[in-house]
There are 2 protein chains.
Amino acid sequence: MRVAYTEQLSDLTGELAAMCGLAEVAMQRATQALLQADLALAEQVIGENDRIDDMRLQCEEKAFALLALQSPVAGDLRIVVSGIHIVADVERMGQLALHVAKIARRRHPAHVLPEDVRGYFAEMGKVAVTQAARTREVLLSRDLDEAAALETGDEPMDDLHKHLFSVMMDSDWPHGVAAAVDMTLLGRFYERYADHAVEVARRVVFLVTGKLPEPGTPELTGVTPTGV
Amino acid sequence: MRVAYTEQLSDLTGELAAMCGLAEVAMQRATQALLQADLALAEQVIGENDRIDDMRLQCEEKAFALLALQSPVAGDLRIVVSGIHIVADVERMGQLALHVAKIARRRHPAHVLPEDVRGYFAEMGKVAVTQAARTREVLLSRDLDEAAALETGDEPMDDLHKHLFSVMMDSDWPHGVAAAVDMTLLGRFYERYADHAVEVARRVVFLVTGKLPEPGTPELTGVTPTGV
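Quick caveat: nothing in here was measured; it's all calculated off a predicted structure. (Residues numbered from 1 in each chain as written. Chains lettered and ligands numbered in written order. Predicted model: local features only at pLDDT ≥ 70, side-chain atom pairs only at ≥ 80, totals over all residues. Heavy atoms only, no water.)

Chemist: Would you explain the relation of the copies chain A and chain B in this entry?
Modeler: One copy of the chain maps onto the second through a rotation around an axis plus a translation along that axis. Once chain A has been moved 0.0 Å along the axis and rotated by 180 degrees, it coincides with chain B to within an RMSD of 0.0 Å. The superposition of one copy onto the other is thereby described by a two-fold rotation axis. (Least-squares fit on C-alpha atoms with pLDDT ≥ 70 in both.)

As structure tokens, this is what we get:
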């Protein structure tokens, strides 16, 4: 009974990490679909999102069954309760990758992004995917230094996001309103994706220490920096 | 002991409803601040957001303590686990109202919104606040019909959101890129706020029946309707 219980706890962790891996691959492909106007890749991300949803349900059911049948306490209870929070964040990361893929599909065969801003999104995609990969590792290692480093790793995303707005707000912006609307949404999707990765890391800190870390940089609200 | 336990469960529900009430008032004020360029009201929403964060922490701690000390099962366990999900959604509603207030503050004394689109946001604000009020009631009543009606109640928000994009994408849009960027973000904030209200209602259905309802309309991705 105890062995099965320990296995169930470790299964839950493994599934969360696997789910995070799916959200990571989804964002990597969605970004490529966006940058290269690659319809097949966009369709693949959209088609495979159900797998993330299915894993969410499975993880939630596992967590519920553990609570109902094993009444975990102390550290074990923190694993399960954190798992409930983490699964919601990771599912959201998958949704945000899905949104990026849907915008790429909607504009196909046209490119969503004017050529001169694609570099920002290549960079945002890189930060997002790297953060997701580190989150996946932290879920398995429960390394507190790595979890804290994820918060710092989010800073380039915030900088890119702010810069993006200053580019759009520039009075010389030549690409019109439609491109600006798409870019505003996309910027928000990448920024929120990375926020969720940080949130998962904070839940891992709680899982290990029993305390949630103080939030660092307050979440950007997706609005332009002061004065722009 | 049993009496205290029952009281703790009912406290948790009451606090979730109270927290939802705070998110409702926050969005009502944030919308007024936005529509009337009312700085004092925007500041009030921003200043009072900490109360929602504090309640989130309290609710999470209560839920954790209930699990650790009472090992609830069956319907009681569903109340606690749903509570963990619901608190995250309601906290997010508060954050989204905060974002609206921050945009209103950032542009003060200027109006964020061109006069001819303020009506859409007045309407989106009305739907958002109404949905939050109904969510608060459903949290207390656990009425399944009311919970299901919340999903239908979200439809006007989706329609308004779509319409907003078609207005901005119109080639005659005279208000420039900066206004379109703000409106894109604001539209997204209102739409997500209402989505979270529906999500809470779905968790109430689970709490009562033990089953999550199938999602209805898939979440809008905040992108323009096909062809625009």
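From this point, the discussion proceeds with the structure in view.
Chemist: Sorry, what's going on with the pattern of salt bridges here?
Modeler: Pairs may arise between side chains of opposite charge once their charged atoms sit close together. For the coordinates displayed, the defined rule picks out 22 salt bridges over all chains. Between Asp195 of chain A and Arg192 of chain A there is a salt bridge; the shortest N-O distance is 3.2 Å. Of this pair, Asp195 of chain A and Arg192 of chain A both sit in helix α7 (residues 176-209), separated by three residues, roughly a single helical turn. For the pair formed by Asp195 of chain A and Arg192 of chain A, the shared burial category is buried. Here Lys62 of chain B makes a salt bridge to Glu15 of chain B, at a shortest N to O gap of 2.5 Å. On the criterion of sequence distance, the pair formed by Lys62 of chain B in helix α2 (residues 39-70) and Glu15 of chain B in helix α1 (residues 2-36) is long-range, its members being 47 residues apart. A residue is classified by how much of its surface remains accessible, and Lys62 of chain B, at 29% relative accessible area, is partly exposed. A relative accessible area of 16% places Glu15 of chain B in the buried class. (Salt bridge = Lys/Arg side-chain N within 4 Å of Asp/Glu carboxyl O. Helix = DSSP H or I, 4+ residues; strand = E, 2+ residues; numbered from the N terminus. Buried < 20%, exposed > 50% of the residue type's maximum accessible area, 1.4 Å probe, protein only.)

Chemist: In this structure, what is going on with helix α2 (residues 39-70) of chain A? I would like to understand it.
Modeler: Since the α-helix advances by 3.6 residues per turn, residues separated by three or four positions end up pointing in the same direction. Residue and element names in this part refer to chain A. Look at α2: 47 Å from first C-alpha to last across 32 residues, which is about the 46 Å you get at 1.5 Å a residue. Of all the bends in α2, the largest measures some 25 degrees and sits at Glu48. At the N-terminal boundary of α2, the capping side chain belongs to Asp38, with an oxygen 3.2 Å from the backbone nitrogen of Ala40. Immediately downstream of α2, the backbone of Ser71 shows phi near 40 degrees, a positive value. (Expected span 1.5 Å × (residues − 1). Bend = angle between axes of the 7 residues up to and from the residue. Polar contact = N/O pair within 3.5 Å; in protein donor to acceptor, adjacent residues only side chain to side chain.)

Chemist: I keep staring at the environment of Phe64 of chain B and nothing clicks. Help me out?
Modeler: Take Phe64 of chain B: it is sitting in helix α2. Separated by 17 residues in sequence, Phe64 of chain B and Val81 of chain B have C-alpha atoms that sit 9.5 Å apart. Ignoring any residue separated from it by four or fewer positions in sequence, one finds Phe64 of chain B in contact with Ala74, Leu77, Arg78, Val81 and Phe206 of chain A. (Contact = heavy atoms within 4.5 Å.)

Chemist: Help me understand unusual backbone geometry, please; the structure alone is not making it clear to me.
Modeler: Glycine aside, residues mostly have negative phi angles, and peptide bonds mostly take the trans form. All names here are of chain A. With omega at 5 degrees, the peptide bond leading from His108 into Pro109 counts as cis. Note on placement: Pro109 falls in the loop between α3 (74-107) and α4 (118-141). At Ala74, a position not held by glycine, the phi torsion is positive, near 50 degrees. The topology assignment puts Ala74 in helix α3.

Chemist: Any chance you could explain the UniProt feature "domain: PhoU" (unreviewed entry) in chain A here in plain terms?
Modeler: All names here are of chain A. Per the UniProt annotation, the sites labelled "domain: PhoU" (unreviewed entry) are residues 18-103 and 122-204. Structurally, residues 18-103 comprises 94% helix and 0% strand, and the distance from its first C-alpha atom to its last is 26 Å. Secondary structure within residues 122-204 divides into 89% helix and 0% strand; the distance between the first and last C-alpha atoms comes to 28 Å. (UniProt positions renumbered as here; feature names shortened; annotations may be inferred.)

Chemist: Would you take a moment to explain the packing of aromatic side chains for this structure?
Modeler: Each aromatic ring pair is characterised by the separation of its centres together with the angle its planes make. With the rule as written, the count across this model stands at four aromatic pairs over all chains. Ring centres 5.8 Å apart and planes at 85 degrees place the aromatic pair Phe64 of chain A and Phe206 of chain B in the edge-to-face group. A residue pair is termed interchain when its members come from two chains, as with Phe64 of chain A in helix α2 and Phe206 of chain B in helix α7 (residues 176-209). (Phe/Tyr/Trp six-rings, centres within 6.5 Å; stacked < 30°, edge-to-face > 60°.)

Chemist: Looking at this structure, how should I read the packing of α4 of chain A against α7 of chain A?
Modeler: When two helices pack together, their arrangement is given by the angle between the helix axes and by the axis-to-axis distance. Residue and element names in this part refer to chain A. Look at α4 against α7: their axes get within 9 Å of each other, and the N-to-C directions meet at 20 degrees. Between α4 and α7, the interaxial angle falls into the category roughly parallel. Handedness of the α4/α7 crossing: left-handed. Contact with α4, carried on its side by Phe121, Met124, Gly125, Ala128, Gln131, Ala132, Thr135, Val138 and Leu139, involves Met183, Leu186, Gly187, Tyr190, Tyr193, Ala197, Val198, Val200 and Val204 of α7 and no other residues of that element. (Axes fitted to C-alpha atoms, helices over the stretch in contact; angles between N-to-C directions. Parallel < 35°, antiparallel > 145°, perpendicular 65-115°, else oblique. Left-handed = near helix turned anticlockwise from the far one by under 90°.)

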